[in-house]
Amino acid sequence: MVQFAASDIFWRCLSVEDILHSERSKMACVFVLWLVVCLSGTWAVDKGNFKTCDQSAFCKRQRALKPGESPYRALLETMELTNTRLTLQLINDNNKVRLLLELYRLQGNITRVKINELKPLKPRYEVPDVLIREPPTEPLSLLSQDENGVVLSLGVESQRVIVSAQPFRLDIMEGHEVLMSLNSRGLLAFEHLRMRKDTQAEPEAEKKEEADAANQAETAKEEEKEEEEKVEDGMWEETFKSHSDGKPNGPSAVSLDFSLPGVEHVYGIPEHADTLRLKTTDNGDPYRLYNLDVFQYELYNPMALYGAVPVMLAHNAQRTTGIFWLNAAETWVDISSNTAGKTVFGKMLDYVQGSSETPQTDVRWISESGIIDVFIMLGPTPKDVFSQYASLTGTQSFPPLTSLGYHQCRWNYNDQEDVQSVDAGFDEHDIPYDFIWLDIEHTDGKRYFTWDPHKFATPKEMLQGIMDKKRKMVAIVDPHIKVDSNYKIHNEIRSRSFYIKNKDGGDYEGWCWPGSAGYPDFTRADMRAWWASMFAYDQYEGSMENLYTWNDMNEPSVFNGPEVTMHKDAMHGAWEHRDVHNIYGFYVQMATAEGLIQRSGGVERPFVLTRAFFAGSQRYGAVWTGDNAAEWEHLKISIPMCLSLGLVGISFCGADVGGFFKTPSTELLVRWYQTGAYQPFFRAHAHLDTPRREPWLFGPENTALIRDAVRQRYTLLPYWYLQFYHAHHTGQPVMRPLWVEYPQDPATFALDDEFLIGRDLLVHPVTEEGARGVTAYLPGKDEVWFDVNTFQKHNGAQSLYIPVTMSSIPVFQRGGSIIARKLRVRRSSSCMDHDPYTLYVALNPQRTAEGELYIDDGHTFNYEKKEFIHRRLSFVNNILSSVDLAPDAHFTTLSWIERVIILGASKPSKVTLKTADGQESQIEFEFDASMSVLTLRKPGMNLGAAWTVALQ
């Protein structure tokens, strides 16, 4: 939220105390004028505020390297092979610096490759806390060795890795097929840490440097001269606009290329406002991964946004693989199309059969610092890759059921009376919702963990009023802390020395919403523990159990910093901010989620929304796509943006319904509600300067359309909850591209205007202005799909034109599936807890129809104690049955089945219910011959019981 009107800029950034009493008031005025000049009146991103590759010294330097000229050679005589690890030294023949290669075979068909300096000047940053454990290994075995390299068995279906010595490269193979090659283009680069030659080193540092030089071999004089000539190129210091970034140990970038024979489609590396299928970058900038506060971002652009997940999936009709580049520094990713065979294989691969016509995708990763630590996930199926990645970084947290309902937000609801009025408006217009949100204006002068004493004087009274209706609230808590000696949070952080430091050792201060702000060092475990303790009810005054949290601006956003973020030479203990930048938001959400868990004594599941994220953020809550705009293209891009996040583990994704900036047309707003109702996180949000847009403000007809979309969401909550249960246990995405379920159908590979929820619901939202129809691709040559509104049946493997009106949301249920819904929609999901279910059984003559029911209490961790119901539903040979999938679990529910609707059915002569105790009874039914729809009325089975329903 960096954009605002010039007339209000001063008062939104600075409190009255800042203006009247602060020693920094003069600086504040200068800063405000700067903001007015830079940001006032613009409603689009100023790309000049953010670096291109040419303006990022390490990216420019690495990108200038030529393929095929690798200086790296494997020293085979240094190879050591244990049962679980291969180590091997690499040498750069240009400067004689040695690297250490480690190779591991991990459980689950994953190969890990680490490359670090053999003897670095000081330790290089290795990302902690992202992996859920040290990955378990499996044995490696040596198959052959000669002067050209070694061949190791990976133990899975004749998989092996070939290490070629000169130039160094790795090839992972299965049979005669090359699955992936590393350094096949010779673009491995590893800039070693060093002392600058024109500075006076400390005696101890000089001794260490001499020792390291002796161990690594003397660096060539030609290289020293070349390095000193390159000082102006950003190796030791770099300038962007008015900001200078010193690098006391010189350049430290790492880079490695990967070749993917047979692959034309790659996905992932969010966050970018771009198509699902990643584009080649030969004629422009690489994709950038660097968490930044980019307001009203530009679409179809590889610019960095709020989050960074360095995971890429590669897919063709035969196989899916993945690359996880574990590095938290600024990273650029180049993608090129190639033809397999253009890169010359080493001698050990001469026997490989390959056609020069085989397509190939080449990918190059470039990071500013750290080490090379890459996990190669070998599939072979999409679901295998999801499981492999989940085994490394964890699965999506299991959210409270209520968080899957509708969320109403705005910057900002004015006061408690405004909150009460909006809450009443939903009841008056019969629109359900679960959460109402408060943005930064609810605080006392942008002091987080506080309430405005005038506008929100009795927060518990407000929260109790919402709780009485079984609803909840989210309040924002950002990680920039107002520098104010009268502010408890600031005093505690300063007294404990928990703030990030500047390069001179003082507390780092930047400018954000409160004015001058400090930034807690969330990379510290003790800082995170303290932060978590601040959510306790006796610390966070006015909070209650139905108050949850939103972490915004946690890239971190620094209004007067380089690229609106923190200086890279700020210090997190021993580490520079450049090393940890992309993981900062991950830690903020981690600490906040832990705080919400602790305040309940470990009983309640948290709900935390974050804007910045990294690999593993899925473990801590939800994300959204940031400060979008009320434009049709922003509505469209929300689909591939959330699909990309789901592919890399973050299923709980949504976009601001209606667009954060600007004012949507009524048509756009309605279409956005219809789209958002079928995305995992469903929240409306709007900028402070936009007109109010509560759902009932656009006339009765549009209110009815929005109401219907929101109610559709609520009827499907049992299905959404089931999908999140599976995501939590397996890592499979909730909202997924069609190719995940139809991996051999090339027609699905680039589709990103429609998607699947789970495997059984296909959604093609209307995202074109004035649309009278959409063309949806229905996959699967053996599939049938049923329109969920008309029950009309359509065959798969076809593009279907669907006429639409303003009430249309094209959604299809897959034949061969059973989906549970709750059709009695009430004012919130909690009010529907014990309501009955309706089963929708969609038949496909070629297969059994199957589905599942999952029920627990919806909000605690008791499901981990086996307190839940999980049953499989199946329809085969005209018998519908329910079987317990967790016989050792225990939970009771009052919910029962009040209706079964069977699509594609024949008319039976009678329908008989048989319960577990052997009792039989007849069930009333209706049959619509025109649509082949059979409806069973009030069969009355409890959701937790075993039963069969026979059609005769």
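Because the structure is predicted, anything quoted here is derived from the model rather than measured.

Criteria and thresholds
- Residues numbered from 1 in each chain as written.
- Predicted model: local features only at pLDDT ≥ 70, side-chain atom pairs only at ≥ 80, totals over all residues.
- Heavy atoms only, no water.
- Phe/Tyr/Trp six-rings, centres within 6.5 Å; stacked < 30°, edge-to-face > 60°.
- Helix = DSSP H or I, 4+ residues; strand = E, 2+ residues; numbered from the N terminus.
- Buried < 20%, exposed > 50% of the residue type's maximum accessible area, 1.4 Å probe, protein only.
- Lys NZ or Arg CZ within 6 Å of the ring centre and 35° of its normal.
- Salt bridge = Lys/Arg side-chain N within 4 Å of Asp/Glu carboxyl O.
- 1 Å grid on protein atoms, 1.4 Å probe; cavity = no way out; pocket = protein on both sides within 12 Å on 5 of 7 lines; lining within 4 Å.
- Points joined across faces, edges and corners; volume = space filled by probe spheres on them.
- Nonpolar A, V, L, I, M, F, W, Y, C, P; charged D, E, K, R; others polar.
- Core = buried A, V, L, I, M, F, W, Y, C linked by side-chain atoms within 4.5 Å.
- Contact = heavy atoms within 4.5 Å.
- Lys, Arg positive; Asp, Glu negative; His and termini not counted.
- Polar contact = N/O pair within 3.5 Å; in protein donor to acceptor, adjacent residues only side chain to side chain.
- Arc of directions from axis to C-beta.
- Pairing = 2+ DSSP bridges.

Trainee: So what exactly am I meant to see when it comes to the packing of aromatic side chains here?
Mentor: The description of two aromatic rings rests on the distance between their centres and on the angle between their planes. What the rule picks out here adds up to 50 aromatic pairs. Where Phe 435 meets Tyr 548, the ring centres are 5.7 Å apart and the plane angle is 70°; that geometry is what we call edge-to-face. Separated by 113 residues along the polypeptide, Phe 435 in strand β23 (residues 435–438) and Tyr 548 in strand β28 (residues 547–551) bring together distant segments of the chain. Accessibility classification places Phe 435 together with Tyr 548 in one group, the buried group. Pairing Phe 535 with Tyr 540 gives two aromatic rings, centres 6.2 Å apart and planes at 70°, and the pair type is edge-to-face. Given the relative accessible area of 1%, Phe 535 is considered buried. Ring-pair connections join several aromatic residues into one group, and the members of that group are Phe 435, Trp 437, Tyr 548, Trp 550, Phe 607, Trp 624, Phe 652, Phe 681 and Phe 724. A cation over an aromatic ring shows up here: Arg 599 above the ring of Tyr 548, its NZ or CZ 5.4 Å from the ring centre.

Trainee: Can you walk me through unusual backbone geometry in this structure?
Mentor: Negative phi characterises most residues that are not glycine, and trans characterises most peptide bonds. With an omega of 25°, the peptide bond running from Pro 270 to Glu 271 counts as cis. Note that Glu 271 resides in the loop between β15 (265–268) and β16 (287–289). A cis amide bond links Gly 379 with the next residue in sequence, Pro 380, at an omega value of 15°. If you trace the backbone, Pro 380 turns up in the loop between β21 (372–377) and α7 (382–393). Of note, Lys 241 is a non-glycine position whose phi angle comes to about 55°, a positive value. Relative to the assigned elements, Lys 241 resides in the loop between β12 (237–240) and β13 (243–246).

Trainee: Teacher, can you tell me more about the pattern of salt bridges here?
Mentor: Pairing between side chains of opposite charge can happen when their charged atoms approach one another. Counted by the stated rule, this structure contains 64 salt bridges. Where Arg 524 meets Asp 526, a salt bridge forms, and the shortest distance between an N and an O atom there is 2.8 Å. A residue is classified by how much of its surface remains accessible, and Arg 524, at 28% relative accessible area, is partly exposed. Using a relative accessible area of 39% as the deciding quantity, one classes Asp 526 as partly exposed. Across the pair Arg 578 and Glu 576 runs a salt bridge whose closest N-O atoms are separated by 2.9 Å. Considered together, Arg 578 and Glu 576 belong to a single accessibility category, that of buried residues. Residues joined in a network through salt bridges with shared partners are Asp 245, Arg 288, Glu 330, Glu 368, Glu 563, Lys 568, Glu 576 and Arg 578.

Trainee: What's the story with empty space enclosed by the protein in this structure? I'm lost.
Mentor: The method is simple in principle: a probe with the dimensions of a water molecule rolls over the atoms, and the space it marks as empty is what remains. Throughout the structure, instances matching the rule amount to seven cavities of 30 Å³ or more. Approximately 140 Å³ is the volume found for the largest cavity. Taken together, 14 residues form the lining of the largest cavity, with Lys 51, His 243, Asp 245, Pro 562 and Lys 568 sitting closest to its centre. When its volume is computed, the second largest cavity comes out at roughly 70 Å³. Lining the second largest cavity are Gly 268, Pro 270, Glu 271, His 272, Asp 274, Thr 275, Leu 278, Met 641 and Ser 644. Grouping the constituent residues of the lining of the second largest cavity by class yields three nonpolar, four polar and two charged.

Trainee: Just to check I follow, could you spell out the nonpolar core for this structure?
Mentor: As a rule of thumb, soluble globular proteins bury nonpolar side chains together. By size, the foremost hydrophobic cluster in this structure holds 178 residues, and its most contacted members are Phe 324, Trp 531, Ile 583 and Tyr 673. Contact partners of Ile 583, with chain neighbours within four places excluded, come to Tyr 125, Val 127, Pro 128, Val 130, Ala 328 and Phe 614. Counting residues in hydrophobic clusters, the runner-up holds 50 residues, among them Tyr 72, Leu 256, Leu 278 and Val 374.

Trainee: Can you help me understand the side chain of Arg 364 in this one?
Mentor: Tracing the sequence through the fold places Arg 364 in strand β20 (residues 359–367). Buried and unpaired, Arg 364 has no salt bridge, with Asp 334 as the nearest side chain of opposite charge at 5.7 Å. At 3.4 Å, the side chain of Arg 364 and the backbone oxygen of Leu 187 are in polar contact. Of the polar contacts made by the side chain of Arg 364, one reaches the side chain of Ser 255; its length is 2.7 Å. Residues within four places of Arg 364 in sequence aside, it is in contact with Gln 62, Arg 63, Leu 65, Arg 185, Leu 187, Ser 255, Leu 256, Asp 257, Trp 332, Val 333 and Asp 334.

Trainee: What is the right way to read helix α9 (residues 459–467) from this model?
Mentor: Along α9, the residues classified as buried are Pro 459, Met 462, Leu 463 and Ile 466. The buried residues of α9 occupy an angular sector of 95° when the element is viewed end-on, so they sit on one face. In the core, the buried residues of α9 are packed alongside α8 (416–428), β23, β24 (472–476) and β28.

Trainee: Would you mind showing me how to read the pairing of strand β53 (residues 947–951) here?
Mentor: Within a regular strand, the side chains alternate between the two sheet faces. Where burial is concerned, most of β53 is hidden: four out of the five residues are buried. Pairing between strand β47 (residues 879–884) and β53: four bridges, direction antiparallel. Within β53, the position partnered with Leu 880 by the bridge is Val 949. For strand β49 (residues 911–915) and β53, the ladder comprises five bridges, and the chain directions are antiparallel. Counterpart to Thr 912 in the pairing with β53 is Ala 950.

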